[in-house]
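Listed below, chain by chain, are the residues.
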Amino acid sequence: MESKTNSSLTSTIWLLGFHEFQSLSIFWFLIFLITYCVTMCGNLLIIVVVSSSRSLHSPMYFFLTQLSVSDILLTTTIVPNMLHTLLCDGSSMSLVGCLIQYHFFAASEILQTLLLTVMSYDRYQAICNPLHYSMVMNPTFCLGIVALVWLINLVVLLVISVTMSLLQFCGPNIIDHFFCDRDPILELSCSDTFIIEFEFMFLMTVLAACPFIIILISYIYIIITILKISTPTGRQKTFSTCSSHLAVVSTCYGSAISIYLFPNKVTAKKIPSLLYTVVTPLLNPIIYSLLNRDITQAFRNLCRSLKLDTQ
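Reading the values: the criteria
Residues numbered from 1 in each chain as written. Predicted model: local features only at pLDDT ≥ 70, side-chain atom pairs only at ≥ 80, totals over all residues. Heavy atoms only, no water. UniProt positions renumbered as here; feature names shortened; annotations may be inferred. Helix = DSSP H or I, 4+ residues; strand = E, 2+ residues; numbered from the N terminus. Rg over C-alpha atoms; globule rule 2.2 N^0.38 Å. Contact = heavy atoms within 4.5 Å. Areas by Shrake-Rupley, 256 points an atom, 1.4 Å probe, with all protein chains shown as cover. Lys, Arg positive; Asp, Glu negative; His and termini not counted. Charge placed at Lys NZ, Arg CZ, Asp CG, Glu CD. pLDDT = per-residue confidence, 0-100. Axes fitted to C-alpha atoms, helices over the stretch in contact; angles between N-to-C directions. Parallel < 35°, antiparallel > 145°, perpendicular 65-115°, else oblique. Left-handed = near helix turned anticlockwise from the far one by under 90°. Nonpolar A, V, L, I, M, F, W, Y, C, P; charged D, E, K, R; others polar. Buried < 20%, exposed > 50% of the residue type's maximum accessible area, 1.4 Å probe, protein only. Polar contact = N/O pair within 3.5 Å; in protein donor to acceptor, adjacent residues only side chain to side chain. Pairing = 2+ DSSP bridges. Phe/Tyr/Trp six-rings, centres within 6.5 Å; stacked < 30°, edge-to-face > 60°.

By the naming in an unreviewed UniProt entry, the chain goes by G-protein coupled receptors family 1 profile domain-containing protein and is assigned to Engystomops pustulosus. Word for word, the UniProt comment on the chain under Subcellular location (unreviewed entry) is "Cell membrane".

In structure tokens form, the structure reads like this:
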């Protein structure tokens, strides 16, 4: 590896995208373009509705706006370039651009995981400790915990960036994927990747497994509390306050587990990667809109106020 000259190092990456479906590229381009537009509009709408409605100025909806920000970051990082690969039957990007895309993708993953954990703690306090909820989940705490989430994100990205900057790429420059994920990037490296793979496993344990355990424990206590409610109506009403979050957690972790915990080839990971990077950001605002009466009502009120302003 030391004998490689700088001129032999790879500087451009070629993404194959969905070359298997080249005959249907225009069809899938339109589908993903519509999905991207709906995803952006849905998440931006949640941010606008929550920000404009005083009835939604609570910790749960504040965290929801942050989740929408992470969804916007994720889909904007992946989908535009993916649309380009569909139109052009693949696309080239610089090695630096490829690494930047991966870093933004990793940032959105970390943000979503930590925010879902914070939201599960919020639901735990609301259902299992309602008398002290306003005292525990006060504005200072909420702002502080979100700032901590972003700080952890930046620190982890700095560690990943420093480690990956030490890698050399002097072999093939073709990635059979629609974006620059960790495994495809490491497969192109001619450096020893042991350190970064160990680093990834450690970060995955701390930032994915531990939050999942916290979410699981929170919902165990939530379910126990709900089962203690005497009336079926009371149980249903209480469970409805966390059903949206539980659905989002299921889609997020379900798709992520299928990508990273099962040893498949890169080509076999395209579908679950598509679910995680395209479908999940689309489903999150839909789930919170359809399963949440407060957001639905706030949206209707916003539409009425806009209609009155235009008259």
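Back to the text.
Engineer: Please explain the overall build of the chain as it appears in this structure.
Structural biologist: A count of helical and extended segments in the chain gives 10 helices and 3 strands. Its helices and strands in sequence order give the chain the pattern β-α-α-β-α-α-α-β-α-α-α-α-α, from N to C terminus. In summary, the chain has a C-alpha radius of gyration of 22 Å against a globular reference of 19 Å for 311 residues, a match within 12%. Structurally, the chain occupies a C-alpha span of about 70 × 45 × 30 Å along its principal axes. Across the chain, the fraction of contacts at a sequence separation of at least 24, relative to all contacts at a separation of at least 6, is 80%. Carbon and sulfur atoms provide 71% of the accessible area of the chain, an area that totals close to 16,100 Å². With 14 positive and 15 negative side-chain charges, the chain shows a spacing of 19 Å between the two charge centroids.

Engineer: Please explain the confidence of the model for the chain as it appears in this structure.
Structural biologist: Should the pLDDT be low somewhere, the predicted coordinates at that spot are not to be read in detail. Scored by pLDDT, the chain comes out at a mean of 85, with 92% of its residues at no less than 70. Within the model, pLDDT remains below 50 along residues 1-7, and this stretch shows 4 contacts once partners closer than five positions in the same chain are excluded.

Engineer: Which parts of the structure should I look at to understand the UniProt feature "transmembrane region" (unreviewed entry) in the chain?
Structural biologist: Within this numbering scheme, the UniProt entry marks residues 26-49, 61-79, 99-121, 141-167, 201-227, 239-262 and 274-291 as carrying the feature "transmembrane region" (unreviewed entry). End C-alpha to end C-alpha, residues 26-49 measures 34 Å, and it is 100% helix and 0% strand. Helix makes up 100% of residues 99-121 and strand 0%, with an end-to-end C-alpha separation of 33 Å.

Engineer: Sorry, what's going on with the packing of helix H1 (residues 25-52) against helix H2 (residues 59-88) here?
Structural biologist: In a pair of packed helices, the angle between the axes and the distance between the axes together describe the arrangement. The contact between H1 and H2 brings their axes to 9 Å, and the two run at 160°. By the criterion of interaxial angle, the relationship of H1 to H2 is roughly antiparallel. Of the two elements, H1 crosses H2, and the hand of that crossing is left-handed. For the contact of H1 with H2, a count of residues per class yields 21 nonpolar, 7 polar and 1 charged.

Engineer: When you look at the environment of Thr-241 in this model, what are you seeing that I'm missing?
Structural biologist: By the secondary structure assignment, Thr-241 is in helix H8 (residues 232-260). Sequence separation between Thr-241 and Arg-123 is 118 residues, and the spatial gap between their C-alpha atoms is 7.8 Å. Setting aside chain neighbours within four positions, we find Thr-241 in contact with Met-60, Arg-123 and Ile-127.

Engineer: Honestly, the side chain of Thr-85 in this entry has me stumped. Any pointers?
Structural biologist: Within the secondary structure, Thr-85 is located in helix H2. Given a relative accessible area of 2%, Thr-85 falls into the buried group. At 2.5 Å, the side chain of Thr-85 and the backbone oxygen of Met-82 are in polar contact.

Engineer: Is there a simple way to explain the sheet that holds strand S1 (residues 12-15) in this structure?
Structural biologist: As a general point, the strands of a sheet are linked pairwise by backbone hydrogen bonds and lie either parallel or antiparallel. Pairing in this open sheet of 3 strands is mixed, and the strands run S2-S1-S3 from one edge to the other. Edge positions in the sheet fall to strand S2 (91-94) and strand S3 (174-175), since each of these pairs with one other strand and no more. Sheet analysis places S1 next to S2, joined by 4 bridges and oriented antiparallel. Pairing of Ile-13 across the sheet is with Met-93, part of S2. Along the sheet, H2 contacts S1 and S2; its crossing angle with S2, the most-contacted strand, is approximately 135°. Sheet contacts for helix H3 (residues 95-128): S1, S2 and S3; angle to S2, the most-contacted strand, approximately 90°.

Engineer: Teacher, can you tell me more about the side chain of Gln-112 here?
Structural biologist: The residue Gln-112 is located in helix H3 in this model. A distance of 2.8 Å separates polar atoms of two side chains, one belonging to Gln-112 and the other to Asp-71. Apart from residues lying up to four places away in sequence, Gln-112 is in contact with Leu-67, Ser-70, Asp-71, Cys-252, Tyr-276, Thr-280 and Asn-284.

Engineer: Honestly, the packing of aromatic side chains in this entry has me stumped. Any pointers?
Structural biologist: Each aromatic ring pair is summarised here by two numbers: the centre-to-centre distance and the angle between the ring planes. Counted under the stated rule, the structure contains 13 aromatic pairs. Aromatic pair Phe-18 and Phe-178: ring centres 5.1 Å apart, planes at 15°, arrangement stacked. Here Phe-178 lies in the loop between S3 and helix H6 (182-188) and Phe-18 lies in the loop between S1 and H1, a separation of 160 residues in the sequence. Phe-178 matches Phe-18 in its accessibility class, with the two residues each being buried.

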